[in-house]
Amino acid sequence: MSEEVALENLSYEDRAFAPSPEFVAQANATPALFEAAEKDRLQFWADQAAELHWDQKWNQVLDWQIPFAKWFIGGKLNAAYNCLDRHVNEGRGDRVAFYFEGEPGDTKVYTYKDMLREVSKAANALTELGIKSGDRVAIYLPMIPEAAIAMLACARIGAAHSVVFGGFSADSLSARINDATAKLVITSDGGFRRGAPFALKPAVDEAVKTTPSVENVLVVKRTGQESTMGAKDIWWHELIEKQSDQHTAEFFDSEHVLFILYTSGTTAKPKGIFHTTGGYLTQAAFTHKMVFDLKPAKDVYWCTADIGWITGHSYVVYGPMANGATQVMYEGTPDTPTKSRIFEIIEKYKVSILYTAPTLIRTWMKWGAEFPNSCDLTSLRLLGSVGEPINPEAWMWYREVIGGNRCPIVDTWWQTETGAILISPLPGITATKPGSAMGTLPGIVGKVIDDEEREVGNGGAGYLVLTQPWPSMLRGIWGEPERYAETYWSRFAEKYFAGDGAKLDKDGAIWLLGRVDDVMNVSGHRISTTEVESALVSHPAVAESAVVGAKDEMTGQAIVAFVILRGGVEHHEGEALVKELRDHVAKEIGPIAKPRQIVVVNELPKTRSGKIMRRLLRDVAENRAVGDSTTLADPNVMKLIQSGLSAGKSED
Ligand code: WT7
């Protein structure tokens, strides 16, 4: 028996891609950043904070009463001023902030001057409705410019926004409004998705029946569909139209609450993660500039995340806008009207930086290379990934097919709670390995430890923890300080535990291994789902996979894999392919990881942000009734998978 280990380290990767000399020569990030952070971490962060506009400078960088941090104490700033006024005042007002592309093909361009005007009017409108500094405003909108405008208008007057993703139900919306006691809801009649209008307003009508704190509902007209307007309801355009386009921003304390964002929470009550102003904006702007190598006057940057997720907050609104970036914003789905839509938009706006999620990359792999190949993608110069571990094969496909082998890839690890990217390669410095997020950014102190809190060392695997506070860390869970301490700071002494497993390879590069709740225990070996999934995806027939541990009499748990085949691959009845895949896993990472069973499916159960819900697959694999699936993006998926299970049995 081997010594008890937190997690096995099974796979091995020796490909590495060093940045080109041309990229290095022009890169924003230089090794001096690491040296500065190493020498004096707090001074390093103070230097980054000084890149923003402060009405009043801080007098203390950090106050750390574990687990409660305050950053840039005594400083005063306004997040919206930093994202708008500063650019206009310094002569960048005519630069494009957003190229908006609606799903039906309608477009609109907003310069920074336009955004300042719209946000000023919206700030005046909110003030007219009685919204004041310290209040909460719920935002429930599709991916349209008004979403960014509404967020910045809240920030401008010091009201905390709570953006609720438009795909959530009336019940979820109502629970979030009540938890934050929001006074106002900003929504729209609807939006466009998959070629048709969908409604949002009816869900708000339903939700506000049970939300006594809501005084008004502001409704953006997007689709023009029929909406019932009740006593509290006001059309956005009617209220905005009569506002002055001048608004003087007030400056708020660095620790003033900027926003609340609820993490979906598959079982427990959603957590209202809240962030404050100075530290959050500092780190969102810094990481955006360095990780994406942003050249604000030249680049066209596109982050495909919805505003309803933290990625939309930090890398559509606050980071990029504080940096004066030009962005693309797209309302709809990637396959409407065709599977080339994303690539057509890249070609049309000459997008140079693309930031997206592995789930979309694997979907593209499944569809096949003919779609990206039909468009000119040569404007791209840097690619980013976030949200889940990216399998080495998907990484290589991203590099070759989307990036034409010339773009550095940044696999960025972070969380709603961390506010900004903490682990990522820096383009121009790091030689990247396919599938690895590589290392902590300057100013971040992370470790991989075992159950006894010992560092695992190179070649080992365990729990990813952060041992020092960082400026954009969550300040708490709204209204639940004890739950905050309990959830993040209690498992290991004086360490933030992110809930993720990770390993260090022989060179010390960090590989994320998924949530530790998903770890499988096969004959006493703790195996991460990520490594087995990546082994499956490295087979040319497989586009995507999800594996779970199912109860097994012999081995405690056994590995059950669900796979989606690549475009053009046929699944012949019979066991040939399944056997081949099982042998492939054994060959790639070892016989211990060989799945007991492999089921070929057409879809996997995912949350609305694209994360695989392994809990539901575990129910299927253990022949149980499928548990709560209300957070599924597509509720029909589970039925399809269950029917596929009986056809795909394979045991020996
Ligand atoms: C969880 C946080 C952060 C924005 C989007 C998700 C997983 C995120 C990576 C990555 C491996 C990743 C982790 C993390 N995750 N990025 N690059 N490699 N895993 O935010 O919804 O708060 O989810 O997403 O498991 O804990 P979130």
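Summarised in this report is the structure supplied together with it. The model shown is predicted, which means the values in this text are computed figures rather than measured ones.

## A short note on the overall build of the protein chain
- Along the backbone of the protein chain there are 21 helices and 30 strands.
- Rg of the C-alpha trace for the protein chain: 24 Å, near the compact-globule value of 26 Å for 652 residues, within the 12% margin.
- Considering only C-alpha atoms, the protein chain reaches an extent of 75 × 60 × 50 Å along its principal axes.
- In the protein chain, once contacts between residues fewer than 6 apart in sequence are set aside, the share between residues at least 24 apart is 71%.
- Accessible area of the protein chain: about 24400 Å², with a carbon and sulfur share of 49%.

## Some details on the sheet that holds strand 24 (residues 496–504)
- Spatially, four strands are ordered 21-22-24-25 in an open sheet, and the strand pairing comes out antiparallel. Each of the sheet's edge strands pairs with one partner strand only, and the pair in question is strand 21 (446–449) and strand 25 (510–515). Taking the axes of each pair of neighbouring strands and ignoring which way they run, one obtains an average angle of 40 degrees across the sheet.
- As defined by bridge partners, strand 21 adjoins strand 22 (residues 461–466) across four bridges and the pair is classed as antiparallel.

## Structural notes on the site of the ligand
- Surveying the vicinity of the ligand reveals 16 residues, the closest of which are Asp411, Thr412, Gln415, Thr416 and Arg515.
- For the ligand, whose accessible area on its own is 560 Å², the fraction buried by protein is 89%.
- Among the elements of the structure, helix 12 (310–322), strand 20 (409–412) and strand 25 are those that each provide at least two residues to the shell around the ligand.
- Residue classes in the shell around the ligand are distributed as six nonpolar, five polar and five charged.

## Some thoughts on the packing of aromatic side chains
- A full pass over the atoms with the stated rule returns 33 aromatic pairs.
- Taking 5.4 Å as the distance between ring centres and 65 degrees as the angle between the ring planes, the aromatic pair formed by Tyr81 and Phe251 counts as edge-to-face. Here the residue Tyr81 occupies a position in helix 4 (residues 79–83), and Phe251 occupies one in the loop between helix 10 (236–241) and strand 13 (252–253), the gap between them amounting to 170 residues.
- Ring geometry for Trp470 versus Tyr496: centroids 5.3 Å apart, planes at 80 degrees, classification edge-to-face. Here the residue Trp470 occupies a position in the loop between strand 22 and strand 23 (476–477), and Tyr496 occupies one in strand 24, the gap between them amounting to 26 residues. For the pair formed by Trp470 and Tyr496, the shared burial category is buried.
- An aromatic cluster is built from Trp64, Phe68, Trp470, Tyr484, Tyr488, Trp489 and Tyr496, whose rings are joined through pairwise contacts.
- Sitting over the ring of Trp58, Lys57 keeps its end group 5.0 Å from the ring centre.

The rules behind each value
- Residues numbered from 1 in each chain as written.
- Predicted model: local features only at pLDDT ≥ 70, side-chain atom pairs only at ≥ 80, totals over all residues.
- Heavy atoms only, no water.
- Helix = DSSP H or I, 4+ residues; strand = E, 2+ residues; numbered from the N terminus.
- Rg over C-alpha atoms; globule rule 2.2 N^0.38 Å.
- Contact = heavy atoms within 4.5 Å.
- Areas by Shrake-Rupley, 256 points an atom, 1.4 Å probe, with all protein chains shown as cover.
- Pairing = 2+ DSSP bridges.
- Axes fitted to C-alpha atoms, helices over the stretch in contact; angles between N-to-C directions.
- Near = heavy atom within 4 Å.
- Nonpolar A, V, L, I, M, F, W, Y, C, P; charged D, E, K, R; others polar.
- Phe/Tyr/Trp six-rings, centres within 6.5 Å; stacked < 30°, edge-to-face > 60°.
- Buried < 20%, exposed > 50% of the residue type's maximum accessible area, 1.4 Å probe, protein only.
- Lys NZ or Arg CZ within 6 Å of the ring centre and 35° of its normal.

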